[in-house]
Amino acid sequence: MKLRKKLLAVGLGFGFMVTSSAMAADTIKFGIIGPHSGNLASYGLPSVNAAKLVVDKMNAAGGVNGMQIELLIEDDECAPEKATNAASKLVSDGAQVVLGGICSGATIAAMPIFKDAGVLAMSPSATNDSLTTSGDYPNFFRTIAPNFAQAPPMADFTMDKLGAKKIAVIHDKGDYGKPLAEGAKAHIEKSGKAEVVLFEGVTPEAVDYSAIVQKIKRSGADAVIFGGYHPEASKIVSGMRKKRLKAAFVSDDGVKDNTFIKVAGKDAEGVYAAGPQDNSDNPLSTNAAAEHKKAFNSDPGAFFDGAYAATTVILNAIAKAGSTELDAMKKVLQTEMVDTPVGKIKFDEKGDAIGVGFSMYVVKDGAFILAD
Amino acid sequence: MDYFIELLFSGLTRGSIYALIALGYTMVYGIIGLINFAHGEIYMIGAFTAFIVATVLTIFGFPLLAIVILAGLAAAIWASSYGYTIEKIAYRPLRHAPRLSPLISAIGMSIFLQNYVLLAQTSEFLPFPELIPDWEFVEPIAHIIGTTDIVILATTTIVMIILTLVIKYTRLGKAMRATAQDKTMAMLVGINVDRIISATFIIGSSLAAIGGLLIASHIGQINFYIGFLAGIKAFTAAVLGGIGSIPGAVLGSLVLGLTESFATGYVSSDYEDVFAFSLLVLILIFKPSGILGKAETQKV
């Protein structure tokens, strides 16, 4: 008896889902997936703000193709297992396009679900190579340059600008940090200008990294390249300074986050980090930042420009294609150049943006500034 | 040789960090046979309390020593009130329930507290102030061991000695041992078992809070999630040393810390956990009750 009641409830649930997606025609459902809570929330929340700004502007001007845009926001905490739930929720709520995911690992977990539903997803931040190079996800696009474009400049900067001859490459064993570290290692070895003296992964969230710091010291490295996120980076760099190790610390755009400077404090000074190219001379970027300041009374955070650009190109594609049908939108994305805060961009057939790259930044007096 | 000594002290520091948390696990298990999974969260709450108090006192311009002592006291009191309350609402009503029930209740408390701090405080990493300044005489050996490392090592040693003495020689300690051996019999000879169990939670929680202050000031950052992995590692250490035994918890923590440190130093940090947990499996195969644990029959 009880079982039958349960079955009935499940059946009713499905019934509701069907009706809710059938009603989707009235508005364009714009999904957002990313970490909005948890320790990486500072990567995800700026994208929500960016989408809100662009969408509010569009809606006020009459929407796209005469339809208003509705935001559906789901939190994945950058955790792959939560990302699959969040993605399924978005799909069943009728999302037609998605901004996100933010972290590579979570995005890889969510993509098959979006792919099966024929939903276009565009990330402002997921840099894992295979998302585009594998060809598995024809519905995936991104407005940030991938790792394979990030690792060589990091390695070149360390060898040429810092003049490092012995480099220790460390990573956090994750989907984002490890391929990046491998890319940097391969690039250094190929160039022959420096030697990789140590290549190792550390356990994220450990209480103490002094053993790996001692190992870096013994390796005689004059620079450390770290692939990973800011919590580990700040623990390792603080540990290095505590053990009086002066080697330069070069990291990626997972570290180029103001939380890193706040947490690492004075140890952050002089740390180099790659980040999306400097857009400060792009008026669209400064305007977007001003809009953010006006609406939220604060400066925009990480990946804001990329998310703003992604929202803009997605909405443009919907308008030009006249629908949210994947192939029609793809065609627009791949052929039409759009002016965005990250520059004038279109996409190659794999989904990477043409016209975006990385710059190197350094922490000086508590802020990231361009390194050259 | 230098490298060996550096790794040795890395391992000892890491071990002492685990030990400060592992002591609370082992005390509670010793008395009521419960694995208090919320213990890692008590440590996290201690660190947050210390952070808040220290920040406020710094604004008022208190001297550093006063800040450390007051923040430590506040953290210990606040965290033990949490420990006391958790025991009262989540474990005491389940004391005569099957052993699995309080275990699930403990996991529930752990998740509850994490999310409570996430919502009530913040999801972001907060920079923990450096409460233990660099002493000058440490400078020549700073590449081997820092000031915080020395303080952590010393605190763990002192705490372990005091706890062992308390349990061996005081009335409270005797009552604790009696409760651990046989609750019904302890009641018959006039021991207030409920109060003894509360006292155990209070002592264990204060230790975790002190640990929270020291460890957070060692790694320089806190967030709502720090208790989870630290708690798992400390729990592992307590099992390794023989859960229920105080010197066992410290020994197990040091063994775990040293294994991780030497594995990183001489093999690769990629395999740090592989070595640590292989060691755990090996020790438990040959000595199921842990290094210093007493063989127990019938429990579980």
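Structure report, in brief. Values in this document were obtained by computation on a predicted structure and should not be read as measured data. (Residues numbered from 1 in each chain as written. Chains lettered and ligands numbered in written order. Predicted model: local features only at pLDDT ≥ 70, side-chain atom pairs only at ≥ 80, totals over all residues. Heavy atoms only, no water.)

Things to note about the overall build of chain A
Logical step 1: On a plain count of helices and strands, chain A comes out with 13 helices and 15 strands.
Logical step 2: In terms of C-alpha radius of gyration, chain A reaches 22 Å, essentially the compact-globule figure of 21 Å for 372 residues.
Logical step 3: Its C-alpha atoms give chain A principal-axis dimensions of roughly 65 × 60 × 40 Å.
Logical step 4: Here chain A, with 372 residues, has 56% of them falling under the buried criterion.
Logical step 5: In chain A, 67% of the contacts between residues at least 6 apart in sequence involve partners at least 24 apart.
Logical step 6: Accessible area of chain A: about 14700 Å², with a carbon and sulfur share of 56%. (Helix = DSSP H or I, 4+ residues; strand = E, 2+ residues; numbered from the N terminus. Rg over C-alpha atoms; globule rule 2.2 N^0.38 Å. Buried < 20%, exposed > 50% of the residue type's maximum accessible area, 1.4 Å probe, protein only. Contact = heavy atoms within 4.5 Å. Areas by Shrake-Rupley, 256 points an atom, 1.4 Å probe, with all protein chains shown as cover.)

A look at the sheet that holds strand β4 (residues 120-123) of chain A
All names here are of chain A.
Logical step 1: The five strands lie next to each other as β2-β1-β3-β4-β5, forming an open sheet whose pairing is parallel. Every other strand in the sheet has two partners, leaving β2 (68-75) and β5 (140-142) as the edge strands with one partner each. Averaged over all adjacent pairs, the angle separating strand axes in this sheet is 25°, with direction ignored.
Logical step 2: Of the strands in this sheet, β1 (27-34), β2 and β3 (97-99) are in contact with helix α2 (residues 41-60), which crosses β2 at around 170°.
Logical step 3: Along the sheet, helix α3 (residues 80-92) contacts β1, β2 and β3; its crossing angle with β1, the most-contacted strand, is approximately 175°. (Pairing = 2+ DSSP bridges. Axes fitted to C-alpha atoms, helices over the stretch in contact; angles between N-to-C directions.)

Section: the state of the cysteines
All names here are of chain A.
Logical step 1: As enumerated under the stated definition, the model contains one disulfide over all chains in all.
Logical step 2: Covalent S-S linkage joins C78 and C103, the inter-sulfur distance amounting to 1.9 Å. Of note, the bridge from C78 to C103 carries an S-S torsion of about 75° and is right-handed in sense. Here C78, found in the loop between β2 and α3, pairs with C103, found in the loop between β3 and α4 (104-116); they are 25 residues apart in sequence, far enough to count as distant. By the burial criterion, C78 is buried, and C103 matches it. (Disulfide = S-S within 2.5 Å.)

Describing the side chain of N279 of chain A
Residue and element names in this part refer to chain A.
Logical step 1: Take N279: it is sitting in the loop between β10 (272-276) and α11 (283-296).
Logical step 2: For N279, a relative accessible area of 8% corresponds to the buried category.
Logical step 3: When neighbours within four sequence positions are excluded, N279 is seen to be in contact with S285, D305, P341 and V342.

A few points about the interface of chain B and chain A
Buried accessible area, meaning the area lost when the parts come together, often serves as the stated size of an interface.
Logical step 1: In this complex, chain B contributes 41 residues to the contact, which on the side of chain A involves 36 residues.
Logical step 2: Of the roughly 3100 Å² buried where chain B meets chain A, counting both sides, 49% is carbon and sulfur surface.
Logical step 3: Counting across the chain B and chain A interface gives six salt bridges.
Logical step 4: Salt-bridge contacts for E130 of chain B lead to K266 of chain A; the nearest nitrogen and oxygen are separated by 3.7 Å.
Logical step 5: Run the count over chain B and chain A and you get 19 residue pairs in polar contact (both at pLDDT 80 or more).
Logical step 6: Counting only elements with at least two residues in the side of chain B that touches chain A, the list comes to α1 (2-32), β1 (126-127), α5 (147-169), α8 (193-219), α9 (226-241), α10 (246-267) and α11 (272-286) of chain B.
Logical step 7: Broken down by element, the side of chain B that touches chain A gets its largest block of residues, seven residues, from α1 of chain B.
Logical step 8: Residue composition of the side of chain B that touches chain A, by class: 16 nonpolar, 15 polar and 10 charged. (Buried area = accessible area lost by both parts, 1.4 Å probe. Salt bridge = Lys/Arg side-chain N within 4 Å of Asp/Glu carboxyl O. Polar contact = N/O pair within 3.5 Å; in protein donor to acceptor, adjacent residues only side chain to side chain. Nonpolar A, V, L, I, M, F, W, Y, C, P; charged D, E, K, R; others polar.)

Topic: the nonpolar core
Logical step 1: In this structure, L23, I86, Y91 and I222 of chain B are the most contacted members of the largest nonpolar core, which totals 81 residues.
Logical step 2: When residues of this core are assigned to their parent elements, the largest contribution, 13 residues, is made by α1 of chain B.
Logical step 3: Listed in part, the 71 residues of the second largest apolar core include V64, L180, V356 and M360 of chain A. (Core = buried A, V, L, I, M, F, W, Y, C linked by side-chain atoms within 4.5 Å.)

Some details on the packing of aromatic side chains
Logical step 1: Going through the model one piece at a time under the given rule, you end up with 20 aromatic pairs over all chains.
Logical step 2: Here F4 of chain B and F262 of chain B contribute two aromatic rings whose centre-to-centre distance is 5.3 Å and whose plane-to-plane angle is 20°, an arrangement assigned as stacked. Taken together, the residues span a long stretch of sequence, with F4 of chain B in helix α1 and F262 of chain B in helix α10 at a distance of 258 residues.
Logical step 3: On the accessibility criterion, F4 of chain B (33% relative accessible area) is partly exposed.
Logical step 4: With a centroid separation of 6.2 Å and an interplanar angle of 40°, the aromatic rings of F51 of chain B and F128 of chain B are classed as tilted. Taken together, the residues F51 of chain B in helix α2 (residues 39-59) and F128 of chain B in the loop between β1 and α5 connect sequence positions 77 residues apart.
Logical step 5: Take F51 of chain B: its relative accessible area is 15%, and that puts it in the buried class.
Logical step 6: Chaining the aromatic ring pairs together yields one cluster made of Y43, Y176, Y229 and F303 of chain A.
Logical step 7: The ring of F199 of chain A carries the charged tip of K185 of chain A above its face, separated from the ring centre by 5.0 Å. (Phe/Tyr/Trp six-rings, centres within 6.5 Å; stacked < 30°, edge-to-face > 60°. Lys NZ or Arg CZ within 6 Å of the ring centre and 35° of its normal.)

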